[in-house]
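Tertiary structure, described
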Amino acid sequence: QSALTQPASVSGSPGQSITISCTGSSSDVGGYIYVSWYQQHPGKAPKLMIFEVSNRPSGVSNRFSGSKSGNTASLTISGLQAEDEADYYCSSYRSSSTLVFGTGTKVTVL
Amino acid sequence: QVQLVQSGAEVKKPGASVKVSCKASGYNFNVYYMHWVRQAPGQGLEWMGRINPNGGGTNYAQKFQGRVTMTRDTSITTAYMELSRLTSDDTAVYYCARAFDSSGWCWFDPWGQGTLVTVSS
């Protein structure tokens, strides 16, 4: 069961925007709206940031946005802040009633 | 408030089984799927499977088929994940997470605090 592909690391300066990609196939990311993004700080449980490709739960900053084009989903963080430094994971439903996570991306605020 | 509280850390020997619990509170337990996700030290998230508390139906990741059993006790709003034939590769933090959307595949919120399972001889 292969994971979705994410860049290992992305960095940016405070105030900048960064984008994290999540590449799958037509059997997962490209075929369904059930794409989510999670933020995880060291030693903590993951936190939901985006669900169903582009929806933000209440309480999540509007600096976080999601989108999808073909088999690739993306998470954009605008106005980067120090507190955004964390690991980020995408997830997607995959056909045949399974779910798959991305490989994870470490975001560094320079 | 909506909360998932997991059982405490476990140390097991290779070949043994472990059963982790996840106590839910603050919402209607029967309505939302519960998922189990694990994270080995320094590694990424890995989906293990899910259970529908309403009826007990399950979906398991192929990797864990035959080795994992997910159950629930609706009377005490608790979900369980049991993993058998443990090896050192099963050393990880195990999380439960509620799927808050109608499909049961998305919107994992909240998550439990995690349970560290260490497999060592």
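Here goes a summary of the coordinates provided.

The rules behind each value
- Residues numbered from 1 in each chain as written.
- Chains lettered and ligands numbered in written order.
- Predicted model: local features only at pLDDT ≥ 70, side-chain atom pairs only at ≥ 80, totals over all residues.
- Heavy atoms only, no water.
- Contact = heavy atoms within 4.5 Å.
- Buried area = accessible area lost by both parts, 1.4 Å probe.
- Salt bridge = Lys/Arg side-chain N within 4 Å of Asp/Glu carboxyl O.
- Helix = DSSP H or I, 4+ residues; strand = E, 2+ residues; numbered from the N terminus.
- Buried < 20%, exposed > 50% of the residue type's maximum accessible area, 1.4 Å probe, protein only.
- Pairing = 2+ DSSP bridges.
- Axes fitted to C-alpha atoms, helices over the stretch in contact; angles between N-to-C directions.
- Phe/Tyr/Trp six-rings, centres within 6.5 Å; stacked < 30°, edge-to-face > 60°.
- Lys NZ or Arg CZ within 6 Å of the ring centre and 35° of its normal.
- Disulfide = S-S within 2.5 Å.

Here we take up the interface of chain A and chain B. Contacts between chain A and chain B engage 18 residues on the former and 20 residues on the latter. With both sides pooled, the region where chain A packs onto chain B buries about 1700 Å², and carbon together with sulfur makes up 69% of that total. When the buried surface of chain A facing chain B is broken down by residue, Pro 46, Leu 99 and Phe 101 of chain A rank first, second and third, together holding 30% of it. At the boundary of chain A with chain B, the tally comes to zero salt bridges.

Now for the environment of Ser 102 of chain B. Looking at the secondary structure, you find Ser 102 of chain B in the loop between strand E9 (92–99) and strand E10 (108–111). Sequence separation between Ser 102 of chain B and Thr 69 of chain B is 33 residues, and the spatial gap between their C-alpha atoms is 23 Å.

Right, let's talk about the pairing of strand E9 (residues 105–109) of chain A for a bit. Residue and element names in this part refer to chain A. Alternating positions in E9 separate cleanly, Thr 105, Val 107 and Val 109 being buried on one face and Lys 106 and Thr 108 remaining unburied on the opposite face. As defined by bridge partners, strand E1 (residues 9–12) adjoins E9 across four bridges and the pair is classed as parallel. What sits directly across from Val 10, in E9, is Val 107. When strand E7 (residues 86–94) meets E9, the two strands line up antiparallel, connected through three bridges.

Residues and elements named next belong to chain A. Taken together, three strands build an open sheet; the order of strands is E2-E6-E5 and the sheet is antiparallel. The sheet is open, and its two borders are formed by strand E2 (18–23) and strand E5 (64–69), each paired with just one other strand. Neighbouring strand axes in the sheet, compared pairwise and without regard to direction, differ in orientation by 20 degrees on average. Bridge count for E5 against strand E6 (residues 72–77) is six bridges, and the pairing is antiparallel. Within E6, the residue paired with Phe 64 across the bridge is Ile 77.

On to the packing of aromatic side chains, then. Taken as a whole and judged by the stated rule, the model has 14 aromatic pairs over all chains. Summarising the aromatic geometry, the rings of Phe 51 of chain A and Trp 107 of chain B are spaced 3.8 Å apart at their centres and angled 15 degrees between planes, so their arrangement reads as stacked. Taken together, the residues Phe 51 of chain A in the loop between strand E4 (47–50) and E5 and Trp 107 of chain B in the loop between E9 and E10 connect one chain to another. Seen from their ring centres, Tyr 27 of chain B and Tyr 32 of chain B are 5.9 Å apart, and the 55 degrees between their planes marks the pair as tilted. Within the aromatic cluster, the residues linked to one another by ring pairs are Tyr 32, Tyr 34 and Tyr 93 of chain A together with Trp 47 and Trp 105 of chain B. Here Arg 98 of chain B stacks its cationic end above the ring of Tyr 32 of chain B, 5.0 Å away from the centre of that ring.

Here we take up the state of the cysteines. Two cysteines whose sulfur atoms are joined by a covalent bond form what is called a disulfide. Overall, the coordinates contain two disulfides over all chains when judged by the stated rule. Between the sulfur atoms of Cys 22 of chain A and its disulfide partner Cys 90 of chain A the distance amounts to 2.1 Å. Taking the torsion about the S-S bond as the criterion, the Cys 22 of chain A to Cys 90 of chain A disulfide, at about 75 degrees, is right-handed. Taken together, the residues span a long stretch of sequence, with Cys 22 of chain A in strand E2 and Cys 90 of chain A in strand E7 at a distance of 68 residues. The residues Cys 22 of chain A and Cys 90 of chain A share a single accessibility class, namely buried. There is a disulfide in this structure between Cys 22 of chain B and Cys 96 of chain B, and the S-S distance comes to 2.1 Å. Here the S-S torsion is close to 75 degrees, and the disulfide linking Cys 22 of chain B with Cys 96 of chain B is therefore right-handed. Here Cys 96 of chain B lies in strand E9 and Cys 22 of chain B lies in strand E3 (residues 18–25), a separation of 74 residues in the sequence. Under the relative-accessibility criterion, Cys 22 of chain B is labelled buried at 0%. Considering cysteine sulfurs only, Cys 90 of chain A is the nearest to Cys 106 of chain B, which forms no disulfide, with 12 Å between them. Residue Cys 106 of chain B is classed as buried on the basis of its relative accessible area of 0%.

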